[in-house]
Amino acid sequence: MSVDTQREFLHTAIRAAQAAARIHQHYVGRDLGIATKSNEIDLVTHVDKESEARIREVLLSAYPDHVVLGEEGGQDGDAPYRWVVDPLDGTLNYAHGFPFYCVSIGLEVHGQLEVGVVLDSFHDNLFTATRGGGAFLNGAPISVTTETDLRKSMLATGFAYNLGTASENVEIFGRMMGRCRALRRPGAAALDLAYVACGRLDGFWELKLNPWDVAAGVLLVTEAGGRVTGGEGRPYRLGEGVLVATNGPLHDTLLSALELPASPIH
Ligand code: IPD
Ligand code: CA
Ligand code: CA
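Because the structure is a prediction, the values reported are computed rather than measured.

**Q** Hey, could you run me through the site of ligand 1 in this one?
**A** Close to ligand 1 lie 16 residues, the nearest being Asp89, Gly90, Thr91, Gly187 and Glu206. Between ligand 1 and Thr91, the relevant distance is 2.9 Å, taken from an oxygen atom to a main-chain nitrogen or oxygen of the residue. The protein chains hide 95% of the 380 Å² of surface that ligand 1 would expose on its own. One can see that ligand 1 is located within the largest pocket. Broken down by element, the residue count for the shell around ligand 1 peaks at three residues, all from strand β5 (residues 81–89). Each of domain 1 (3–141) and domain 2 (150–258) gives at least three residues to the shell around ligand 1.

**Q** Any chance you could explain the domain arrangement of the protein chain here in plain terms?
**A** Accessible area lost upon the coming together of the parts serves often as the stated size of an interface. The domain boundaries assigned to the protein chain delineate domain 1 (3–141) and domain 2 (150–258). Once you take the C-alpha centre of each, domain 1 and domain 2 turn out to be 20 Å apart. Taken together, the contact between domain 1 and domain 2 spans 40 residues of the former and 25 residues of the latter. Of the roughly 2400 Å² buried between domain 1 and domain 2, counting both surfaces, carbon and sulfur atoms make up 71%. It is Phe100, Leu113 and Phe127 in domain 1 that bury the most area against domain 2; as a group they hold 26% of the surface buried on that side. Counting across the interface, domain 1 meets domain 2 through zero salt bridges.

**Q** What is the right way to read the coordination of the calcium ion (ligand 3) from this model?
**A** In an ideal tetrahedron of four donors about a metal, each angle is 109.5 degrees. In an ideal octahedron of six donors, the angles are 90 or 180 degrees. For the calcium ion (ligand 3), the full set of protein donor atoms is Glu71 (OE), Asp86 (OD), Asp86 (OD) and Leu88 (O), at a range of 2.2 to 3.2 Å. Read N to C, the donor residues that coordinate the calcium ion (ligand 3) are spaced as E-x14-D-x1-L. In this structure the calcium ion (ligand 2) is found 3.7 Å away from the calcium ion (ligand 3), and Asp86 serves as a bridging donor for the pair. Here Glu71 is found in the loop between β3 (67–70) and β4 (74–75), whereas its partner Asp86 is found in strand β5, with 15 residues between them in sequence. A relative accessible area of 24% means that Glu71 is categorised as partly exposed.

**Q** Can you help me understand the pairing of β5 in this one?
**A** When you tally the buried positions in β5, you get eight out of nine residues, the bulk of the element. Examined bridge by bridge, β3 and β5 share four bridges and lie parallel to one another. Across the sheet, Gly70 pairs through a bridge with Val85, a residue of β5. The pairing of β5 with strand β6 (residues 102–109) spans seven bridges and is classified as antiparallel. When the bridges of β6 are listed, Val85 appears paired with Ile105.

**Q** Just checking my understanding: could you explain the coordination of the calcium ion (ligand 2) for this structure?
**A** Surrounding the calcium ion (ligand 2) are the protein donor atoms Asp86 (OD), Asp89 (OD) and Asp213 (OD), at 2.1 to 2.3 Å. All donors of the calcium ion (ligand 2) come from a single chain, and their spacing in sequence reads D-x2-D-x123-D.

**Q** Whenever I open this one, the nonpolar core confuses me. Can you help?
**A** As a rule of thumb, nonpolar side chains are buried together in soluble globular proteins. Within the largest apolar cluster, 39 residues are counted, with the highest numbers of intra-cluster contacts made by Val118, Phe127, Leu191, Phe204, Leu220 and Leu243. Looking at this core, the elements with two or more residues in it are β7 (112–120), β8 (125–130), β9 (134–137), α5 (189–197), α6 (211–223) and β15 (242–246). Built from parts of two domains, this core gets at least three residues from each of domain 1 (3–141) and domain 2 (150–258). In this structure Phe204 touches Ala156, Thr157, Gly158, Ala189, Asp192, Leu193, Val196, Leu209, Leu243, Val244 and Ala245, once residues within four positions along its chain are discounted. Core analysis: the next-biggest nonpolar cluster, separate from the first, contains 23 residues, Ala16, Ile105, Leu119 and Leu126 among them.

**Q** Before we go on, may I ask you to explain the layout of surface pockets in this structure?
**A** The probe, sized like a water molecule, is rolled over the atoms to show the empty space still left. Computed from the structure, the largest pocket encloses a volume of approximately 630 Å³. For the largest pocket, the lining is made up of 33 residues, of which Asp42, Phe159, Ala160, Tyr161 and Asp213 are closest to its centre. Contributions of two or more residues to the lining of the largest pocket are made by β5, α3 (91–95), α5 and α6. Each of two domains, domain 1 (3–141) and domain 2 (150–258), supplies a minimum of three residues to the lining of the largest pocket. Here the second largest pocket defines a volume of roughly 270 Å³. Lining the second largest pocket are 15 residues, with Leu113, Val218, Thr222, Pro235 and Tyr236 positioned closest to its centre. Broken down by class, the residue content of the lining of the second largest pocket amounts to seven nonpolar, four polar and four charged. Taken together, domain 1 (3–141) and domain 2 (150–258) each give at least three residues to the lining of the second largest pocket, which thus spans both.

**Q** Before we go on, may I ask you to explain the packing of aromatic side chains in this structure?
**A** Any aromatic ring pair is given by two values, namely how distant the centres are and how the planes are angled relative to each other. For the structure on display, the rule yields seven aromatic pairs. Judged by centre distance (5.7 Å) and plane angle (55°), the ring pair of Phe9 and Tyr81 falls under tilted. You can see Phe9 sitting in helix α1 (residues 3–27) and its partner Tyr81 sitting in strand β5, a full 72 residues away along the chain. Classification of Phe9 as buried rests on a relative accessible area of 6%. Ring geometry for Phe100 against Tyr195: centres 5.3 Å apart, planes inclined by 85°, an arrangement best described as edge-to-face. Of this pair, Phe100 sits in the loop between α3 and β6 while Tyr195 sits in helix α5; the two residues are 95 residues apart in sequence, bridging distant segments of the chain. According to the relative accessible area criterion, Tyr195 is buried, its value standing at 19%.

Parameters and conventions
- Residues numbered from 1 in each chain as written.
- Chains lettered and ligands numbered in written order.
- Predicted model: local features only at pLDDT ≥ 70, side-chain atom pairs only at ≥ 80, totals over all residues.
- Heavy atoms only, no water.
- Near = heavy atom within 4 Å.
- Polar contact = N/O pair within 3.5 Å; in protein donor to acceptor, adjacent residues only side chain to side chain.
- Areas by Shrake-Rupley, 256 points an atom, 1.4 Å probe, with all protein chains shown as cover.
- 1 Å grid on protein atoms, 1.4 Å probe; cavity = no way out; pocket = protein on both sides within 12 Å on 5 of 7 lines; lining within 4 Å.
- Sits in = over half its atoms within 2 Å of the grid points.
- Helix = DSSP H or I, 4+ residues; strand = E, 2+ residues; numbered from the N terminus.
- Domains from an automatic or database assignment.
- Contact = heavy atoms within 4.5 Å.
- Buried area = accessible area lost by both parts, 1.4 Å probe.
- Salt bridge = Lys/Arg side-chain N within 4 Å of Asp/Glu carboxyl O.
- Donors = N, O, S within 2.8 Å, 3.2 Å for Na, K, Ca; no water.
- Buried < 20%, exposed > 50% of the residue type's maximum accessible area, 1.4 Å probe, protein only.
- Pairing = 2+ DSSP bridges.
- Core = buried A, V, L, I, M, F, W, Y, C linked by side-chain atoms within 4.5 Å.
- Points joined across faces, edges and corners; volume = space filled by probe spheres on them.
- Nonpolar A, V, L, I, M, F, W, Y, C, P; charged D, E, K, R; others polar.
- Phe/Tyr/Trp six-rings, centres within 6.5 Å; stacked < 30°, edge-to-face > 60°.

Here it is in structure tokens:
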């Protein structure tokens, strides 16, 4: 793909993300129409749905022959160009007014990530990446940290809404507390990955993330010089049971410290 084509896709993704971010901002402090999905902590609001509808409109009116995989609307059909969309990552944070949430949009072409956009709609921080073109925060290049010592690292994780998977990670969380300088669970995986990309975190892991949580963030981390793998150290594939993202130098040490389950409960 030419750099010009990649840039055009990136600009469309940014337009779509900004349209969704305006919806996030509009509904702050208003009725969100909160409903539950798989269980009582798995929330959805009409902000999730409206944002996804708007993103689909922007992307599909620009590229009618592409497909969208969205958290709320799923995927219709198949095509070489697939947009992987989380219209509001960190819904629970958003619903409580906790300002750590974002829009996440990734473009896969023949299964390869080409473009990633994560927009923190509260702070208006725009993270972007294109394959081979680097990663940026509000237009300025970003890179991962150079930390090599796990004991001096700042890490993050997250907990799936599935209680079995979450409790499995609670055990890992407890063990890791003593192995690093600080461990956080901010609550929006796409933004956690963007934070690894820009050096605010040295590493992040989670069990059972969905493709829309991570498509953009995986590209951000790798383009910022970091490494993203599954639990066994092979390059991460969307939908895999375990995701580990680091600055690179810490990766193998973190992987072995995590002692991840071979196949986490879903
Ligand atoms: C969730 C967030 C959270 C992660 C969960 C995701 P949602 O996405 O990314 O940080 O721990 O696994 O499901 O539901 O807020 O879009
Ligand atoms: Ca999500
Ligand atoms: Ca979501």
